[in-house]
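Residue-level listing of the chains:
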Amino acid sequence: MSSLYGGASGRRVTVRDLAGAKERGEKWAMLTAYDAMTARAFDKAGVPVLLVGDSAAMVVYGYDSTLPVTIEDLLPLTAAVVRGSSRALVVADLPFGSYQASPAQALESAARFMKEAGAHAVKLEGGRRVLPQVELLVSAGVPVMGHLGLTPQSVNALGGYRVQGRGQAGDELMADAKDLESAGAFAVVLECVPEELAERVTTSLSIPTIGIGAGPSTDAQVLVWQDMMGLTERPAKFVKAYAALADEFDRAAREFTAEVSAGVFPAPEHTYT
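Residues numbered from 1 in each chain as written. Predicted model: local features only at pLDDT ≥ 70, side-chain atom pairs only at ≥ 80, totals over all residues. Heavy atoms only, no water.

1. Section: the pairing of strand E5 (residues 144-149)
The element E5 is extensively covered by neighbouring structure, given that six of its six residues are classed as buried. As defined by bridge partners, strand E4 (residues 121-123) adjoins E5 across two bridges and the pair is classed as parallel. By the bridge assignment for E5, Val122 is matched with Val144. For the handedness criterion, the β-α-β arrangement of E4, helix H6 (residues 131-139) and E5 is classed as right-handed. Here E5 pairs with strand E6 (residues 187-191) via five bridges, running parallel. From the neighbouring strand, Met145 faces E6, where its bridge partner is Ala187. (Buried < 20%, exposed > 50% of the residue type's maximum accessible area, 1.4 Å probe, protein only. Helix = DSSP H or I, 4+ residues; strand = E, 2+ residues; numbered from the N terminus. Pairing = 2+ DSSP bridges. Right-handed = clockwise from strand over helix to strand, strands pointing away.)

This is the structure we're talking about:
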């Protein structure tokens with residue numbers, strides 16, 4: 001099986017490729033994407049997995065949490081990311097309220113993302129309480145990515161955005177991770193958990209773990225792309241900004257405004273005759 005970053009570009013990355021990377025000890029990156037142009041750029045850069053996250057609620061739609069976003073909000077974003085990419089595996093988040101009620105509801109929601117938007121997999125939050133949903137989805141042919149630790153859709157029940165899995169809660173998270181693997185999940189996100197716990201979970205599972213605020217021992221790492229590119233004013237501790245786009249956006253917008261105001265733009269080279 002070829003490297004996730006160096007393989008043939010004629011086909012999509014699959015969950016089998018991710019399993020192979022785990023066996024080889026090859027780490028990989030996942031980024032969020034919400035539009036075709038960004039997806040195309042990340043796909044060209046070799047990012048093997050793109051997540052259409054319910055984080056779109058905040059970075060696209062301007063809400064203060066992930067809770068308000070709906071399937072109807074995320075479907076067109078997912079379709080755009082699929083159209084904009086040619087190699088990355090595209091994972092769609094199932095938003096709050098679209099899968100918790102029953103396995104049948106989860107399958108109906110997942111089917112919409114796969115049939116209407118072309119998603120290759122879905123992600124849902126929770127451990128043992130969503131095992132029936134995971135089992136039904138997997139049996140129906142839907143690849144499922146789990147999500148444990150800080151689960152943003154449960155932020156009100158968790159008491160805010162806090163580190164999860166300390167003390168006895170770590171043993172519960174480990175049990176949830178093993179249950180998700182047994183139910184057929186192909187990977188699990190570990191968000192805001194202690195490094196030692198993330199390492200224990202990673203070595204205990206045969207499926208890949210994807211860390212966000214979980215230290216360096218997970219099999220993969222994911223960031224919201226706006227955080228990674230330096231667009232977020234007050235990023236979380238686990239975020240590393242690889243660019244300073246907020247400053248660049250400000251500079252370019254100010255320069256454009258000044259040139260229009262001064263009559264400098266458009267110049268002759270930007271004008272048709």
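That was the structure; now back to the text.
2. Quick notes on the sheet that holds strand E8 (residues 220-223)
What the eight strands build is a closed barrel, ordered E1-E2-E3-E4-E5-E6-E7-E8; its pairing is parallel. Strand-to-strand, the axes of this sheet are offset by a mean angle of 25°, without reference to chain direction. Both strand E3 (residues 89-93) and E4 contribute to a ladder of three bridges, which runs parallel. Each bridged residue has a counterpart across the sheet, and for Ala92 the counterpart in E4 is Val122. Contacts from helix H8 (residues 168-183) reach E5 and E6, with the element oriented near 175° to E5. (Axes fitted to C-alpha atoms, helices over the stretch in contact; angles between N-to-C directions. Contact = heavy atoms within 4.5 Å.)

3. As for the UniProt feature "active site" (unreviewed entry) in the protein
In this numbering, the UniProt entry assigns the feature "active site" (unreviewed entry) to Glu191. Overall, the relative accessible area of 10% leaves Glu191 in the buried class. Beyond its immediate sequence surroundings of up to four residues, Glu191 is in contact with His147, Leu148, Gly149, Leu150, Pro152 and Ile212. Here His147 takes part through its side chain, which lies 2.9 Å from a polar atom of the side chain of Glu191. (UniProt positions renumbered as here; feature names shortened; annotations may be inferred. Polar contact = N/O pair within 3.5 Å; in protein donor to acceptor, adjacent residues only side chain to side chain.)

4. Points about the UniProt feature "binding site: Mg(2+)" (unreviewed entry) in the protein
According to UniProt, the feature "binding site: Mg(2+)" (unreviewed entry) maps to Asp54, Asp93 and Glu125 in the numbering used here. Annotated residues spanning 72 residues; largest pairwise C-alpha distance 11.0 Å, indicating a single compact cluster. Lining the largest pocket, out of the annotated residues just given, are Asp54 and Asp93. Looking at the element boundaries, Asp54 is found in the loop between strand E2 (49-52) and helix H3 (56-59). Under the relative-accessibility criterion, Asp54 is labelled buried at 5%. Discounting chain neighbours no more than four positions away, the residues touching Asp54 are Thr66, Val69, Leu74, Asp93, Glu125 and Gln153. Tracing the sequence through the fold places Glu125 in the loop between E4 and H6. (1 Å grid on protein atoms, 1.4 Å probe; cavity = no way out; pocket = protein on both sides within 12 Å on 5 of 7 lines; lining within 4 Å.)

5. Quick word on helix H9 (residues 195-204)
Within H9 the residues assigned to the buried category are Leu197, Ala198, Val201 and Thr202. When H9 is viewed along its axis, its buried side chains cluster within an angular range of 135° and face the same direction. Next to the buried residues of H9 lie helix H1 (15-24), H8, E6 and strand E7 (209-212). (Arc of directions from axis to C-beta.)

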